[in-house]
Amino acid sequence: MSNIRNDSTTKLFETIRNLSTVDECYAFFEDLCTIKEIQDMTQRFETVMLLDKGMSYQQIADTVGVSTATISRVNRCLEYGAGGYRNALDKIASEDKKL
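I will try to describe carefully the structure that is included in this document. (Residues numbered from 1 in each chain as written. Predicted model: local features only at pLDDT ≥ 70, side-chain atom pairs only at ≥ 80, totals over all residues. Heavy atoms only, no water.)

**Things to note about the overall build of the protein chain**
What the protein chain contains, in helices and strands, is 6 helices and 0 strands. When its helices and strands are written in sequence order, the protein chain yields α-α-α-α-α-α. For the protein chain, the proportion of its 99 residues judged to be buried stands at 15%. With 12 positive and 15 negative side-chain charges, the protein chain shows a spacing of 6 Å between the two charge centroids. (Helix = DSSP H or I, 4+ residues; strand = E, 2+ residues; numbered from the N terminus. Buried < 20%, exposed > 50% of the residue type's maximum accessible area, 1.4 Å probe, protein only. Lys, Arg positive; Asp, Glu negative; His and termini not counted. Charge placed at Lys NZ, Arg CZ, Asp CG, Glu CD.)

Set out below in structure tokens:
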């Protein structure tokens, strides 16, 4: 079990889950996080999507502007983590098939 699980974190995630629109998400995250934190999360998520497409570390580094160490860390989470990246990627793929 992850050491981040507690009542406060659960409330945060429930709040995020209840946001209805992308605009609501932008507003919430702009208040909650620094611009750098949002950019870092965006880069990590872009990295995992490109890893899932089979792109090489060097191609990802050039495209996203992250270090190969960051790519390696994201890949480790994709392969051996809690399954959050895989779940999100599968949901995106499922939504893309509906379009």
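**Here's the deal with the pattern of salt bridges**
Counted under the stated rule, the structure contains 4 salt bridges. The closest approach of N and O atoms between Asp40 and Lys36, which form a salt bridge, is 2.8 Å. Here the residue Asp40 and the residue Lys36 both occupy positions in helix H3 (residues 35–52), the gap between them amounting to 4 residues, near one helical turn. Taking the shortest distance from any N to any O, the salt bridge between Glu95 and Lys98 comes out at 3.3 Å. Pair noted here: Glu95 and Lys98 are both in helix H6 (residues 84–98), with a separation of 3 residues, about one helical turn. (Salt bridge = Lys/Arg side-chain N within 4 Å of Asp/Glu carboxyl O.)

**What to know about the environment of Glu24**
Relative to the elements of secondary structure, Glu24 occurs in helix H2 (residues 22–32). Judged by relative accessible area, which is 35%, Glu24 ranks as partly exposed. A polar side-chain atom of Glu24 sits 2.5 Å from the main-chain amide nitrogen of Ser20. (Polar contact = N/O pair within 3.5 Å; in protein donor to acceptor, adjacent residues only side chain to side chain.)

**Here's the deal with the environment of Tyr26**
When you line up the elements, Tyr26 lands in helix H2. When the C-alpha positions of Tyr26 and Thr63 are compared, they lie 24 Å apart, and in sequence the two are 37 residues distant.

**A few points about the packing of H3 against H6**
At a minimum axis separation of 11 Å, H3 and H6 run at an interaxial angle of 70°. In this view, H3 runs roughly perpendicular relative to H6, as classed from their interaxial angle. Contact residues: H3 offers Arg44, Phe45, Val48, Met49 and Asp52, while H6 offers Tyr85, Arg86, Ala88, Leu89 and Ile92. Looking at the contact of H3 with H6, its residues break down into 7 nonpolar, no polar and 3 charged. (Axes fitted to C-alpha atoms, helices over the stretch in contact; angles between N-to-C directions. Parallel < 35°, antiparallel > 145°, perpendicular 65-115°, else oblique. Contact = heavy atoms within 4.5 Å. Nonpolar A, V, L, I, M, F, W, Y, C, P; charged D, E, K, R; others polar.)

Worth remembering: the numbers are spatial, not functional.
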